[in-house]
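Structure assessment
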Amino acid sequence: MKLLAIGAHPDDLEIYMFGTLAAACARGDEVHLVVATDGAGGGALPPAELRRVRREEATAAAATLGTTPTFLDFPDGALVADARLVDALTQVVRDSAADLVLTHAPNDYHRDHRVLSDAIRIAASFAAPIAWADTLMGTGFLPTHLVDVSSHFEAKRRAIRAHASQEPERFVAMAEQLNGFRSAQANAPAGFAEAYRFEPSYPFVDIRDLLPPPPKVRPVTDRRRGTPPVGG
């Protein structure tokens, strides 16, 4: 299948959904990566230099998946869900022929993330279902789907660290905490999972076969009765 992942900034795909992208590539999916803004507002370097550096970092991270990201180059910190952005995203969805779109949740912490989420909802329309990635540290997010990224988490760490201009260790630590917690929610406390939310919208009602597999169901024993495992 074809998977389209769209992030607002040059390191968002790595922080929010890189494990899922790596799992998709491992099963043979065609993965398309898109970065909406130029990243020029995310650091102390002069904007032109930071734009170049962050593009190089995102390109290096994507290369570990055997792909190259598309940069839409909208101004960092100033995304607006207007016709220009919607038209650009519509073209991206059309060109990728995506079976599934991954992007930011509409209630994530950054305004660019929220604007992008709104614009993609319009752009994808009848073309593809949309799954929202977890919010930063899971705040206000209620998952409907989990993807087991345990075997790809070291690749995720490396991809985040490719963004040296962004003090990446803080995001590595956040990802370890959040993805470890999401896995523990599925009774897999030693693993890592990325969470998504899907809200059915005609004609798309079920995306379970489109995402890589969730954590395996592990048995839970009823200790009061000493009975065999009853579920997970």
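Residues numbered from 1 in each chain as written. Predicted model: local features only at pLDDT ≥ 70, side-chain atom pairs only at ≥ 80, totals over all residues. Heavy atoms only, no water.

**Thoughts on the sheet that holds strand β6 (residues 145-148)**
Strands sit in the order β3-β2-β1-β4-β5-β7-β6 across an open sheet of seven strands; the sheet is mixed. Lying at the two open borders of the sheet, with one neighbouring strand each, are β3 (70-74) and β6. When strand polarity is set aside, the average angle formed by the axes of neighbouring strands in this sheet is 25°. Pairing geometry for β6 and strand β7 (residues 193-197), over four bridges, is antiparallel. Looking at β7, one finds that L146 is bridged to A195. Each of β1 (2-7), β2 (30-37) and β3 is contacted by helix α3 (residues 83-96), which is oriented at about 175° to β3, the strand it contacts most. Where helix α6 (residues 169-185) meets the sheet, its contacts fall on β6 and β7, and the angle it forms with β7 comes to roughly 80°. (Pairing = 2+ DSSP bridges. Helix = DSSP H or I, 4+ residues; strand = E, 2+ residues; numbered from the N terminus. Axes fitted to C-alpha atoms, helices over the stretch in contact; angles between N-to-C directions. Contact = heavy atoms within 4.5 Å.)

**Comments concerning the environment of I15**
Relative to the helices and strands, I15 resides in helix α1 (residues 12-26). I15 sits 157 residues away from V172 along the chain, and the two C-alpha atoms are 7.7 Å apart.

**Looking at the pairing of β7**
Along a regular strand, successive side chains alternate from one face of the sheet to the other. In terms of residue burial, β7 counts as a mostly covered element, since four of its five residues are buried. When strand β5 (residues 130-133) meets β7, the two strands line up antiparallel, connected through two bridges. If you follow A133 over to β7, its bridge partner there is Y196. (Buried < 20%, exposed > 50% of the residue type's maximum accessible area, 1.4 Å probe, protein only.)

Without other data, these values stay purely geometric and don't point to any function.
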